[in-house]
Amino acid sequence: MQKSHKPINATITAVGMYVPEKILDNKYFESIVDTSDEWITTRTGIKERRILENGGTSFMAVEAIKDLMKNFPLNPEEIDLIIVATITPDMFFPSTACLIQEKIGAKNAWGFDLSAACSGFLFALQTAASFIESGRYKKILVVGADKMSSITDYTDRNNCILFGDAASVVLVEPIEDLNYGIKDSILYCDGSGKDTLYMKAGGSLFPASQETVANRWHYIYQDGKTVFKAAVKGMADVSYEIMKRNNLTSDDIAYLVPHQANMRIIDATAERMGISRDKVMINIDRYGNTTAATIPLCLTEYYKAGKLKKGDNLILSAFGAGYTWGAIYLTWSLD
Ligand code: COA
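Residues numbered from 1 in each chain as written. Predicted model: local features only at pLDDT ≥ 70, side-chain atom pairs only at ≥ 80, totals over all residues. Heavy atoms only, no water.

Describing a positive patch on the surface
Now for step 1: A contiguous patch of positive charge, built from Arg43, Lys225, Lys229 and Arg264, is present on the exposed surface.
Now for step 2: By relative accessible area, Lys229 is classed as exposed at 61%. (Patch = residues over 30% accessible without salt bridge, like charges linked within 9 Å, V, L, I, M, F, W, Y side chains within 5 Å. Areas by Shrake-Rupley, 256 points an atom, 1.4 Å probe, with all protein chains shown as cover. Salt bridge = Lys/Arg side-chain N within 4 Å of Asp/Glu carboxyl O. Lys, Arg positive; Asp, Glu negative; His and termini not counted. Charge placed at Lys NZ, Arg CZ, Asp CG, Glu CD. Buried < 20%, exposed > 50% of the residue type's maximum accessible area, 1.4 Å probe, protein only.)

Description of unusual backbone geometry
The phi angle of most residues is negative, glycine excepted, and most peptide bonds adopt the trans form.
Now for step 1: Of note, the amide linkage connecting Phe93 to Pro94 takes the cis form, showing an omega dihedral of 0°.
Now for step 2: With respect to the helices and strands, the residue Pro94 is situated in the loop between β4 (81-85) and α4 (96-104).
Now for step 3: In this structure, Tyr323 follows Gly322 across a cis peptide bond, with omega equal to 0°.
Now for step 4: Phi angles above zero are rare outside glycine, and Arg216 is one such case at about 60°.
Now for step 5: Of note, the phi angle at Thr291 is positive, near 55°, even though the residue is not glycine.
Now for step 6: For Thr291, the position within the fold is in the loop between α10 (284-287) and α11 (294-304). (Helix = DSSP H or I, 4+ residues; strand = E, 2+ residues; numbered from the N terminus.)

Some remarks on the site of the ligand
Now for step 1: Residues in close proximity to the ligand total 20 residues, the closest being Thr35, Arg43, Gln222, Lys225 and Asn262.
Now for step 2: Within the contact set of the ligand, a nitrogen atom lies 3.1 Å away from a backbone nitrogen or oxygen of Gly224.
Now for step 3: Here an oxygen atom of the ligand and a side-chain polar atom of Asn262 are 2.7 Å apart.
Now for step 4: Alone, the ligand offers 960 Å² of accessible surface; in the complex the protein occludes 76% of this.
Now for step 5: Where the shell around the ligand is concerned, the elements lending two or more residues are α2 (37-44), α6 (157-160) and α8 (224-245).
Now for step 6: Considering every element that reaches the shell around the ligand, the biggest residue donor is α8, with four residues.
Now for step 7: In terms of residue class, the shell around the ligand is built from eight nonpolar, seven polar and five charged.
Now for step 8: Composition of the shell around the ligand by domain shows at least three residues from each of domain 1 (9-175) and domain 2 (181-331). (Near = heavy atom within 4 Å. Polar contact = N/O pair within 3.5 Å; in protein donor to acceptor, adjacent residues only side chain to side chain. Nonpolar A, V, L, I, M, F, W, Y, C, P; charged D, E, K, R; others polar. Domains from an automatic or database assignment.)

Regarding the sheet that holds strand β6 (residues 140-147)
Now for step 1: On the basis of which strands lie adjacent, the open sheet formed by five strands has the order β1-β7-β6-β4-β5 and mixed pairing. Pairing within the sheet leaves two strands with one partner each, and these edge strands are β1 (9-18) and β5 (110-114). Pairs of neighbouring strands in the sheet enclose a mean axial angle of 20°, with direction left out of account.
Now for step 2: Of the pairings in the sheet, the one linking β4 to β6 comprises five bridges and is parallel in character. (Pairing = 2+ DSSP bridges. Axes fitted to C-alpha atoms, helices over the stretch in contact; angles between N-to-C directions.)

Topic: the packing of aromatic side chains
Now for step 1: Counting across every chain of the model gives 15 aromatic pairs.
Now for step 2: One aromatic cluster is present, built from ring pairs that chain together Trp110, Phe112, Phe131 and Tyr137. (Phe/Tyr/Trp six-rings, centres within 6.5 Å; stacked < 30°, edge-to-face > 60°.)

Focus on the nonpolar core
Now for step 1: Among the nonpolar cores identified, the biggest contains 64 residues, and Leu125, Leu141, Leu316 and Trp332 are the most heavily contacted of them.
Now for step 2: Among the elements that line this core, the one with the most residues is helix α5 (residues 120-133), at eight residues.
Now for step 3: Both domains that meet at this core, namely domain 1 (9-175) and domain 2 (181-331), each give it at least three residues. (Core = buried A, V, L, I, M, F, W, Y, C linked by side-chain atoms within 4.5 Å.)

Describing the sheet that holds strand β8 (residues 181-189)
Now for step 1: Ordered by their spatial adjacency, four strands build an open sheet running β8-β13-β12-β11, and the pairing between neighbours is mixed. Of all strands in the sheet, those bounded by a partner on one side alone are β8 and β11 (255-258). The average angle at which neighbouring strand axes cross in this sheet is 15°, direction not considered.
Now for step 2: Here β8 pairs with strand β13 (residues 324-331) via eight bridges, running antiparallel. Paired with Asp184 across the bridge in β13 is Tyr329.
Now for step 3: Running at roughly 130° to β8, α5 makes contact with β8, β12 (313-320) and β13 of the sheet. (Contact = heavy atoms within 4.5 Å.)

Here we look at the packing of helix α3 (residues 57-71) against α4
Now for step 1: Orientation of α3 relative to α4, taken along the N-to-C sense of each, is 45°, at an axis distance of 10 Å. With respect to each other, α3 and α4 are oriented oblique. When you trace α3 past α4, the crossing you get is right-handed. Across the interface between the two elements, Thr57, Ser58, Phe59, Ala61, Val62, Ile65 and Met69 from α3 touch Thr96, Leu99, Ile100, Lys103 and Ile104 from α4. (Parallel < 35°, antiparallel > 145°, perpendicular 65-115°, else oblique. Left-handed = near helix turned anticlockwise from the far one by under 90°.)

Let's talk about the pairing of β4
Now for step 1: In terms of residue burial, β4 counts as a mostly covered element, since five of its five residues are buried.
Now for step 2: By the alternation rule, side chains of β4 split into Leu81, Ile83 and Ala85 and Ile82 and Val84, which are all buried.
Now for step 3: Sheet topology places β4 next to β5; five bridges connect them, and they run parallel. For Ala85, the partnering residue across the bridge sits in β5 and is Leu114.
Now for step 4: Considered for its hand, the β-α-β crossover made up of β4, α4 and β5 is right-handed. (Right-handed = clockwise from strand over helix to strand, strands pointing away.)

Comments concerning α4
Now for step 1: Within α4, the full set of buried residues consists of Thr96, Ala97, Leu99, Ile100 and Ile104. End-on, the buried residues of α4 take up no more than an arc of 160°, which puts them together on one face. (Arc of directions from axis to C-beta.)

What to know about the packing of α8 against helix α9 (residues 263-273)
Helix packing geometry: the angle between the two helix axes and the distance between the axes.
Now for step 1: Axis separation between α8 and α9 bottoms out at 9 Å; the angle between their running directions is 30°. By the angle between their directions, the pair α8 and α9 is classed as roughly parallel. Both α8 and α9 take part in a crossing whose hand is right-handed. Across the interface between the two elements, Phe228, Ala231, Val232, Met235, Ala236, Asp237, Ser239, Tyr240 and Met243 from α8 touch Arg264, Ile265, Ala268, Thr269, Arg272 and Met273 from α9.
Now for step 2: The residue makeup of the contact of α8 with α9, split by class, is 10 nonpolar, two polar and three charged.

Set out below in structure tokens:
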């Protein structure tokens, strides 16, 4: 069937980020649980993470959007759609997208939250790309934001050292030059991973009660070892799969932009792709795992540092709870 409009790609035309000021370093964790800077550094690659003391995820998202608007011209009234990837919304409802819409004055936008844990940004970016490719929408904000400290049990040494809070945002718009923009995506989910990484209570199955609070069911539960193995395989396989499908060699790729959960997962993915460390975006040492925010945070930091150039081929790759995982291949179009 013929398409009713000219073929177009979706591309990232602006970026922004926000990280809270408060830092929890590994030394701090030595004082609250039985751990050490050495253990955390060698097992995860994390040295410190940021924690939001007041406010919710929408606060961080709005700050990230303000950062975007400071550096790129954008009239909020021109925004068509706001997609917020998060598993820590301010509230179950209204959606974080609605809260953001009001705060930034995006009077003509609609929006929704998208729940895919650490793969949230990739799922949201592909969703935005499909809306753009349909020809119907022109300016979509894709936010990846999580206040992981709000669901982290700081008595559980297995998990509390891993997570941090942050928000980042990209603007997605159409581009007629098909040499640029989002060119391919491979996304998966597999609910057989549901028992290895979850927050048990607070939903319709286990609404909040004295029992759920006493059992600490409102915090992240994770079987780290099982998730680690699944993540190494999932992220490495899908990143390799998207390279092969697009006939890309490691020389064609400027950067792997991996979800920042564990440095060893990142290294395994890069190794499978034949990509050296200097071509891998990394900031896990400073922020830990910020769930939906990790990938746009990397893009924003590398772009602002002048390390990301027009024409760079990127492979974005993530794995998270669900399980959810995937990869996106795009060519950077910003000067
Ligand atoms: N400090 C010191 N020791 C710790 C610790 C900490 N913070 N956390 C766990 N340990 C202990 C364990 O209790 C275990 O002790 P035991 O052998 O006496 O039982 C030992 O260290 C080794 O634990 P193990 O689970 O084998 O460590 P690991 O090498 O698998 O690393 C994770 C643990 C959590 C870092 C790792 O499994 C991981 O990164 N998993 C994936 C997490 C993730 O990224 N999830 C998000 C979605 S992708």
